[in-house]
Amino acid sequence: METLPDSRVVVPEDVHQVHESLEPMRSRMSNYIMTLQDQIVSALETLDNSQAFHRDSWVRSEGGLGTSCVLSKGKVLEKAGVNISIVNGHLPPAAVKQMRVNHQEIPESAGVEGKGLPFFAAGLSLVIHPQNPMAPTVHANYRYFEITDASKKDEVPISGNAGGEKENPDEIIAWWFGGGSDLTPSYLFEEDVVHFHSTLRDACNASLPEGAPEIMDSSVFPAFKKWCDEYFYIPHRTESRGLGGIFFDDLTSLPHSRLSSAANALKPSTPDEIFQFIRKCGDAFVPSYLPILERRRDLPFTEENRRWQLIRRGRYVEFNLVYDRGTKFGLATPGARIESVLMSLPETARWEYMSDMGGSGTEEGKLVEYLKKPKDWV
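Residues take numbers from 1 onward in each chain, read along the sequence in its written order. Under the rules for a predicted model, residues below a pLDDT of 70 receive no local features and side-chain atom pairs below 80 are neither given nor counted, while totals for whole chains, interfaces and linings still include all residues. Side-chain metrics rest on all non-hydrogen atoms present in the structure, leaving aside hydrogens and water.

> What am I meant to see in the overall build of the protein here?
The helix and strand tally for the protein stands at 12 helices and 9 strands. By the burial criterion, 53% of the 378 residues in the protein qualify as buried. Look at the contacts in the protein between residues 6 or more apart in sequence, and 73% of them connect residues 24 or more apart. Here, Shrake-Rupley sampling with a 1.4 Å probe gives the accessible areas, and only protein chains in the shown set may cover a residue. For the protein, the accessible area works out to roughly 17,600 Å², and carbon and sulfur atoms hold 54% of it. We count a stretch as a helix when DSSP gives it H or I for four or more residues in a row; a strand needs E for two or more, and each element gets its number in order from the N terminus. Residue burial is assigned from relative accessible area. The probe radius is 1.4 Å, only protein chains are included, and a residue is buried under 20% of its type maximum, exposed over 50%, and partly exposed in between. Residue contacts are counted whenever heavy atoms from the two residues lie within 4.5 Å of one another.

> Which parts of the structure should I look at to understand the environment of Lys373?
The residue Lys373 is located in the segment after helix 12 (363-372) in this model. Spatially, the C-alpha atoms of Lys373 and Asp229 are 9.6 Å apart, while their sequence positions differ by 144 residues.

> Hey, could you run me through helix 2 (residues 25-47) in this one?
Multiply 1.5 Å by the residue count of a helix minus one, and that product is the helix's expected span. Spanning 23 residues, helix 2 covers 33 Å between terminal C-alpha atoms, matching the ideal 33 Å at 1.5 Å per step. Taking burial as the measure, the 23 residues of helix 2 include 17 buried ones, the bulk of the element.

> Would you explain the confidence of the model for the protein in this entry?
Do not read the fine detail of predicted coordinates wherever pLDDT is low. When pLDDT is averaged across the protein, the result is 87; 85% of the residues are at 70 or more. Ignoring residues within four places in sequence, the model shows residues 1-16, a span with pLDDT below 50, making 24 contacts including any to other chains. Per-residue confidence from the predictor is reported as pLDDT, which spans 0 to 100. Overall, residues 155-168 carries pLDDT values under 50, and its contacts beyond four positions in sequence, including any with other chains, amount to 33 contacts.

> Would you mind going over the packing of aromatic side chains with me for this structure?
The geometry of an aromatic ring pair comes down to the distance between the two centres and the angle between the two planes. Note on aromatic contacts: the rings of Phe and Tyr and the six-membered ring of Trp form a pair at centre separations within 6.5 Å, being stacked when their planes are under 30 degrees apart, edge-to-face when over 60 apart, and tilted otherwise. Under the criterion given, the structure shown has 20 aromatic pairs. For the pair Phe120 and Tyr144, a centre-to-centre distance of 6.5 Å together with 55° between the ring planes defines the contact as tilted. Linking Phe120 in strand 4 (residues 117-130) with Tyr144 in strand 5 (residues 137-153), this pair joins segments that are 24 residues apart in sequence. Note on accessibility: Phe120 and Tyr144 belong to one class, buried. Ring centres of Phe232 and Phe319 lie 5.3 Å apart, and the angle between their planes is 45°; on these two criteria the pair is classed as tilted. Here Phe319 lies in helix 9 (residues 303-322) and Phe232 lies in the loop between helix 5 (221-231) and strand 7 (233-234), a separation of 87 residues in the sequence. Of the two residues, Phe232 and Phe319, both sit in the buried class. An aromatic cluster of three or more residues is present, and its members are Tyr142, Phe224, Trp227, Tyr231, Phe232, Phe247, Phe248, Phe277, Phe319 and Tyr323.

> Would you explain the pattern of salt bridges in this entry?
Side chains bearing opposite charge may pair, as long as their charged atoms lie close to each other. A pair is scored as a salt bridge if a Lys or Arg side-chain nitrogen falls within 4 Å of a carboxyl oxygen belonging to Asp or Glu. Inspection of every chain in the model, using the stated rule, returns 29 salt bridges. Taking the shortest distance from any N to any O, the salt bridge between Arg55 and Asp38 comes out at 3.4 Å. You can see Arg55 sitting in strand 1 (residues 54-59) and its partner Asp38 sitting in helix 2, a full 17 residues away along the chain. Given a relative accessible area of 28%, Asp38 falls into the partly exposed group. Ionic pairing is found between Arg325 and Asp249, a salt bridge with its closest N-O pair at 3.1 Å. One end of the pair, Arg325, is in helix 10 (residues 325-332); the other, Asp249, is in strand 9 (residues 245-251), with 76 residues separating them in the sequence. One salt-bridge network, in which partners are shared between bridges, spans Glu304, Arg307, Arg350, Glu352 and Asp356.

Shown next, in the form of structure tokens:
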């Protein structure tokens, strides 16, 4: 891998605020995730000052770049990774056909022959596995995806190069945002789960227009919370991976099938509004999780607590390798950086045959109850 210099576009803050909306979305998202990565890594290094993150910048031969920041065997963090990727390439015709199911704006004739259609994707993904079994694992991911058509050119010049733009870019024929954040504890502290969900709810509700009714029917939060519960479900275990948060995908200007009519009427709809929504959610990560980690990092625990933590991590591995769409997509993508794709996996996990842990009436069983039947925490 080639070591890269810092590739972000440096723009004075006052100029950035005035002209940000004039920048192409790929540049705005690229710059945002680079800034967010730095903020999260800095906050985690302040909390666990035993060592610094290893920063690994890389290039993808098929197009794009990224930076993986990983900390291993810290005093507080057993393993933590905060990755960004900004990549481009061509979607094969089969992938274009599959994406058209959820994005009917992609013309039926587009990408059916030859190399398919050009794409661009920028995203941040993180997973944190603490040392203490009383401190929960957390995951977050925020991403932007666009599909272009090389046969149609946008004549407006694009400035900046963080997203790898051309001076005469292809026309964008489809774009969407996705993301979410979810909490996976080994032991249940209800106040922690309420804090996590409340912070995400407030971030979601911050996107409501000024003067909108402060009612849940107008918010995207209930739908995205339910989607999170459904997505992070392990069918062969008949339980959820964790205690949820938010999850969403295919967020565009169009009405979303997951939302109520009231929420669709008030949801962020323009590219700029959705980008600001993504920023609210991304910026909510540190306040949603670090206070929990600070509270639980030094709690006493036993070898049995550690044993249960490793069993729950085994479930985490099962979901990620068998069901997670992002992991499966990454492993199947030509030129994928496998070390970064598998960054989400814990360094240690455990599988027991017919384990006796997690039964009713135990501390472990309290967690299992909500893994089997998700709860609305706020």
